[in-house]
Amino acid sequence: MTDALRPAAPQPLEKEGDGYFRKGCNPLAQTGRSKLQNQRAALNQQILKAVRMRTGAENLLKEAFTIPLIPLGLKETKDVDFSVVLKDFILEHYSEDSSLYEDEIADLMDLRQACRTPSRDEAGVELLMSYFTQLGFVESRFFPPTRHMGILFTWYDSLTGVPVSQQNLLLEKASILFNTGALYTQIGTRSNRQTQAGLESAVDAFQRAAGVLNYLKETFTHTPSYDMSPAMLSVLVKMMLAQAQESVFDKICLPGIRNEFFMLVKVAHEAAKVGEVYRQLHAAMSQAPVKKNIPYSWASLACVKAHHYGALAHYFAATLLIDHQLSPGADEDHQEKCLSQLYDRMPEGLTPLATLRNGHQRQQLGKSHLLRAIAHHEESAREASLCKKLRNIEVLQEVLSAAHQRSRLKYAQHQEDGDLLDLVEAPDIVAKTEQEVEIILPQLSKVTAADFFQKLGPLSVFSANKRWTPPRTLRFTAEEGDLGFTLRGNSPVQVHFLDPHCSAALAGAKEGDYIVSIQNVDCKWLTLSEVMKLLKSFGEDAIEMKVVSLLDSASSMHSKSATYSVGMQKTYSMICLAIDDDDKTDKTKKISKKLSFLSWGANKNRQKSASTLCLPAAGVARPQAKKKLPSPFSLLNPDSSLY
């Protein structure tokens, strides 16, 4: 026993191969060097802890980017067969062989089928907009305003799933526009929100979605589908703008939030702006009649985000007040201005400059903001817990919980007894942003799409709302190189200034006729010079020409008054023609042919007229008494578009 208490004798150094080692020194006995090492280790632990806290704060901000956004679903539709109805209309209305348009009808149906499953990118948007433009052509060519065509369009409400069917092309156009806006929302939610370019793409997509939906609301005001009602579209526009504003906040926070006074002021304003737009959105979603049809998860998420971003605004305000004391070299005036602009009004008894200079006041006001932040966090967590869908979104729950814990931890670091009695209520943060999101209207005029049915002719003439006679075949010749009529217009070309005794007139031509073909050559898209060249190529050979006449004479050609007023020489030429027609008493009375724009006769002795529109005098002598010419303006048509 005494041997155990006796000091141990010095042991010799262990030999190679011995089975034991020398015992170490007493770990509790610290030398000066070991004390320094322990202090260094403790300091390193503090540094690592601070780094972990900063990394955690940065990760929290990055996690905030993953808070879910709301995309709109595309409207579903049934198949539509255009072939029978369009073929019948082409034969009936345009008097053309409908079998020649089978490929065009098939292209239209294929395009519609592709629009049911567009890709979630810009190519999908272009596909939908090209079909929307094509529907404009189809509506003008095949859907007269006075009757239904018998094509039934069926679309399903994207929110309720209720089908809506109409024989009206407006339902088809409105649904395509809605799907275009919905596609933009999906592009926005699919953007990479961890990069600057991705966030800019999201902001742009949500603004364009709001523009398309707003255009739909203002243009198609009587759509039977509830998801396209004005009330619902107004809420959807607000939702898209709110998500665009949220993406702006994410873009500002992406590089990281520096713990610096002016940076924290800016971020507090931005967070308050996002919270404000979501409060307005939630209020709109809570109003009748939208409330009963809006998804409950959408309204709940809007409320959650309103409280969450409101809490962030108060947290950042608390951080700038507690962590930053006014130093002698600080820009006092600038900080005072920023703090005064942070609120609509300062708390009673406080002024911006005095608060900045008084450390106790800054800390007390900062803790008041932390209490409000904690209250908002608790409310956002409560709202999220009430919705089953939001409870199942783990990322959302983690972000809300982490933000709540951060605010509670910061308040616990500065909490004092009596805070609940001494602290004043923190004022609201002014909502302000450096990038106000706006509606981007769709540029429909810039969408280029070829008319599938352009073979029917220029849309200005060959449309569903105009009626004309079936094509008439005229066979005539040019007498001495003169056709007996002039041409006007451009694509299609019209017969103009027709000599009633020329070969073409005797064959059935009328002024205002549209030339649709010459010798089986389609002329509907030919210009005036091209038609002139084609007619000239026949010389004095027989010409076969097909023409159509509009049944509405008022729209078949412009009133002559528009031409009369150009020059007096033309005016009196037409007046003379009018007098000859009025004074005609003998059926055998003939009027010599007038020269035409197409006159290429080889008669070199013919004197050149001062105007190609002037008519020579009538062949039969007139009475000696001079008949007073009426005023040129007395012959003007009062129904002319110019008067």
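Per chain, residues are indexed from 1 in the order of the written sequence. The model is predicted, so local features are restricted to residues of pLDDT at least 70 and side-chain atom pairs to those at 80 or more, both for listing and for counting; the totals for chains, interfaces and linings are taken over all residues. Hydrogens and water molecules were not included; the side-chain quantities draw on all heavy atoms of the structure.

## Quick word on the packing of helix H7 (residues 196-219) against helix H8 (residues 230-253)
The test is simple: For every element, the axis is a line fit to its C-alpha atoms; helices are fit only across the contacting stretch, and the angle between N-to-C directions ranges from 0 to 180 degrees. Runs of H or I in DSSP of at least four residues are treated as helices and runs of E of at least two as strands, each being numbered from the N terminus. Comment on the angle field: the value is read as roughly parallel under 35 degrees, roughly antiparallel over 145, roughly perpendicular from 65 to 115, and oblique elsewhere. Handedness of a crossing is defined here by the sense of rotation of the near helix relative to the far one, left-handed for an anticlockwise turn of less than a right angle and right-handed for a clockwise turn. Charged residues are taken to be Asp, Glu, Lys and Arg, nonpolar residues to be Ala, Val, Leu, Ile, Met, Phe, Trp, Tyr, Cys and Pro, and polar residues to be all remaining types, Gly included.
Closest axis-to-axis distance for the H7/H8 pair is 9 Å, and the angle between their directions is 165°. The angle between H7 and H8 falls in the class roughly antiparallel. Once H7 is placed against H8, the crossing between them reads as left-handed. Class assignment of the residues belonging to the contact of H7 with H8 gives a composition of 16 nonpolar, six polar and four charged.

## A few points about the side chain of threonine 433
Stated precisely, the cut-off is as follows: Polar contacts, as used here, are pairs of N or O atoms within 3.5 Å; protein pairs need one atom able to donate a hydrogen and one able to accept it. Residues neighboring in sequence count only if both atoms are side-chain atoms. Between two residues, a contact is recorded if the distance between any of their heavy atoms is within 4.5 Å.
With respect to the helices, strands and loops of the structure, threonine 433 is situated in the loop between helix H16 (419-422) and strand S3 (472-476). Engagement of the side chain of threonine 433 in a polar contact is seen with the side chain of glutamine 245, the distance being 3.1 Å. At a separation of 2.9 Å, a polar atom in the side chain of threonine 433 contacts the side chain of glutamate 270. Those residues in contact with threonine 433 that lie beyond four places of it in its chain are Gln245, Val248, Glu270 and Lys273.

## Structural notes on the pairing of strand S8 (residues 543-548)
Our working rule: In this analysis, strands are considered paired if DSSP registers two or more bridges between them.
Inspection of the sheet shows S3 paired to S8 by five bridges, in the antiparallel sense. Its bridge partner being in S8, phenylalanine 476 is matched across the sheet by isoleucine 543. As paired elements, strand S6 (residues 514-518) and S8 share four bridges and run antiparallel to each other. Residue pairing across strands places isoleucine 518 opposite methionine 545, the latter belonging to S8.

## Points about the confidence of the model for the protein chain
Heads up, the condition is: Confidence per residue, as judged by the predictor, is encoded in pLDDT with a range of 0 to 100.
Summary statistics for the protein chain give a mean pLDDT of 80 and a share of 75% for residues scoring 70 or more. Segment residues 1-11: pLDDT under 50, and zero contacts once partners within four positions in sequence are set aside and those in other chains are kept. Under a pLDDT of 50 for its full length, residues 56-65 has, in the predicted model, 17 contacts with residues more than four places off or in other chains.

## Quick notes on the packing of aromatic side chains
This is how the line gets drawn: Ring pairs are drawn from Phe, Tyr and Trp, using the six-membered ring of Trp, whenever the two centres fall within 6.5 Å, and their geometry is named by plane angle: stacked under 30 degrees, edge-to-face over 60, tilted for the rest. Relative accessibility thresholds used throughout: buried, under 20% of the residue-type maximum; exposed, over 50%; partly exposed, between the two (1.4 Å probe, protein chains only). Any Lys NZ or Arg CZ that is within 6 Å of a ring centre and within 35 degrees of that ring's normal is treated as a charge sitting over the ring.
On inspection of all chains with the given rule, the structure shows twelve aromatic pairs. Centre to centre, the rings of phenylalanine 89 and tyrosine 94 are 6.0 Å apart; their planes meet at 70°, and the pair counts as edge-to-face. This pair shows no difference in class: phenylalanine 89 is buried, exactly as tyrosine 94 is. An aromatic cluster is defined as three or more aromatic residues linked by ring pairs; in this entry it consists of Phe89, Tyr94, Tyr101, Phe142, Phe453, Phe462 and Trp468. Its end group placed over the ring of tyrosine 315, arginine 406 keeps NZ or CZ at 4.1 Å from the ring centre. If you follow lysine 455 out to its NZ or CZ, it ends over the ring of tyrosine 101, 4.8 Å from the centre.

## As for helix H18 (residues 528-536)
One full turn of an α-helix is made of 3.6 residues, so residues set three or four places apart face in the same direction. Applicable threshold: Taken from the helix axis, the directions to the C-beta atoms give the arc we talk about.
Among the residues of H18, those classed as buried are Val531, Leu534 and Leu535. Along H18, the residues classed as buried sweep out an arc of 95° about the axis, all on the same side. Among the exposed residues of H18, those oriented more than 90 degrees off its buried face are Lys533 and Lys536. Considering only its buried residues, H18 is in contact with strand S4 (486-488), S6, strand S7 (521-522) and S8.

## Let's talk about the packing of helix H4 (residues 102-115) against helix H5 (residues 122-142)
For any two helices packed against each other, the geometry comes down to the angle between their axes and how far apart the axes lie. Direction vectors running N to C along H4 and H5 enclose 140°, while the axes themselves pass 10 Å from each other. Taken together, H4 and H5 sit at an angle that is classed as oblique. Here H4 runs over H5; the crossing is left-handed. Here H4 contributes Leu108, Leu111, Arg112, Ala114 and Cys115 to the contact with H5, which in turn contributes Leu127, Leu128, Ser130, Tyr131, Gln134 and Val138. Across the contact of H4 with H5, the residue classes tally to eight nonpolar, two polar and one charged.

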